[in-house]
Amino acid sequence: MTTADLYRRLTFQPRAVVFGWRLVPYTVGHAILYDRLGVESITTAGEVALAAWICSRPSDVVERRLDSRRADWWLRWIVWTRSAWMRDAEEVRKGVEVLSVYLDEQTRAPVTVAKGEAAQDSGVPFCQRLRAVLLSRLNYSPERVNATPYLRALWDYIAWAEMEGALTVPPDMDDEAEAELIRRGEEFAARLARGEVTIPC
């Protein structure tokens, strides 16, 4: 998939349904909620139920539910009841597959190449840093930033970073070229770990 193909995804609306919930467009607010709740690997019925419940309604609605005094009870009830109805292995497998495609369509960014000094690792989740840039540098509204489709926000962030000279987006990168780039990077990292190459200080 080329950079242009990925950009065209901005016009798509999700049509995914998981465990009876129709998923809404994935937003900056949903990404922050995923970080807050530790939604990473999605493999079990409970994990599918939680991930789908979050993405089946606007993020501010989920926020209000989580801010209530009964948030822990509510989450347990949601996950148990919906996953208990769908304990069939095939149904869970289908849910995992649909969520995987949904998240890829809603979050996949083009390949970027860093310029200058590589940025150091940060303990701050990426979506929180993304939100900070959207507010402080790109004049997003504090009232609406969390409701912004994640993919649109990500493209704005990447465009800003490219204009700032922090990175570049190769115009003709496709899936095969991306896979080759990743393979070469992993191969170099393995050689570095084995001591076969050194980096001058």
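Being a predicted model, the structure only gives us computed values, none of them experimental. (Residues numbered from 1 in each chain as written. Predicted model: local features only at pLDDT ≥ 70, side-chain atom pairs only at ≥ 80, totals over all residues. Heavy atoms only, no water.)

**A closer look at the packing of aromatic side chains**
Then comes step 1: For the structure on display, the rule yields 5 aromatic pairs.
Then comes step 2: Centre to centre, the rings of Tyr26 and Tyr34 are 5.6 Å apart; their planes meet at 80°, and the pair counts as edge-to-face.
Then comes step 3: The buried category is assigned to Tyr34, whose relative accessible area is 6%.
Then comes step 4: When the centroid spacing of 6.1 Å and the interplanar angle of 45° are considered together, the rings of Tyr157 and Trp160 count as tilted. On the criterion of helical spacing, the pair formed by Tyr157 and Trp160 is a turn pair, its members being 3 residues apart in helix H8 (residues 150-163). Take Tyr157 and Trp160: they sit in the same class, and that class is buried.
Then comes step 5: Grouped by ring-pair contacts, the aromatic residues Tyr26, Tyr34, Tyr102 and Tyr150 constitute a single cluster. (Phe/Tyr/Trp six-rings, centres within 6.5 Å; stacked < 30°, edge-to-face > 60°. Buried < 20%, exposed > 50% of the residue type's maximum accessible area, 1.4 Å probe, protein only. Helix = DSSP H or I, 4+ residues; strand = E, 2+ residues; numbered from the N terminus.)

**Details of the nonpolar core**
Then comes step 1: One finds Leu23, Tyr26, Tyr34, Trp53, Leu99 and Tyr102 to be the most contacted residues of the largest nonpolar core, which totals 47 residues.
Then comes step 2: For this core, the elements supplying multiple residues, two or more each, are helix H2 (28-37), helix H3 (45-54), helix H4 (59-66), helix H5 (71-85), helix H6 (89-107), helix H7 (126-136) and H8.
Then comes step 3: Top element by residues in this core is H3. It accounts for 8 residues. (Core = buried A, V, L, I, M, F, W, Y, C linked by side-chain atoms within 4.5 Å.)

**Notes on the environment of Ala49**
Then comes step 1: Residue position: Ala49 is located in helix H3.
Then comes step 2: Given the relative accessible area of 0%, Ala49 is considered buried.
Then comes step 3: Taking the C-alpha atoms as reference points, Ala49 and Val18, separated by 31 residues in sequence, lie 8.0 Å from one another.

**Some thoughts on H8**
Then comes step 1: Look at H8: 20 Å from first C-alpha to last across 14 residues, which is about the 20 Å you get at 1.5 Å a residue.
Then comes step 2: Among all positions in H8, only Tyr150, Leu151, Ala153, Leu154, Trp155, Tyr157, Ile158, Trp160 and Ala161 are buried.
Then comes step 3: Looking at the buried positions of H8, the neighbouring elements they touch are helix H1 (3-8), H2, H6, H7 and strand E4 (167-168).
Then comes step 4: Gly165 lies just past H8 and shows a positive phi near 80°. (Expected span 1.5 Å × (residues − 1). Contact = heavy atoms within 4.5 Å.)

**Focus: the packing of H2 against H3**
Then comes step 1: At a minimum axis separation of 10 Å, H2 and H3 run at an interaxial angle of 150°. Classified by chirality, the crossing of H3 by H2 is right-handed. Here His30, Leu33, Tyr34 and Leu37 of H2 lie close against H3, whose contacting residues are Leu50, Ala51 and Ile54. (Axes fitted to C-alpha atoms, helices over the stretch in contact; angles between N-to-C directions. Left-handed = near helix turned anticlockwise from the far one by under 90°.)

**Structural notes on unusual backbone geometry**
What is expected of a backbone is that most residues other than glycine have negative phi and most peptide bonds are trans.
Then comes step 1: The backbone of Phe19 sits at a positive phi, close to 50°, despite the residue not being glycine.
Then comes step 2: Located in the positive-phi region is Asn139, a residue other than glycine, with phi close to 60°.
Then comes step 3: Secondary-structure assignment places Asn139 in the loop between H7 and H8.

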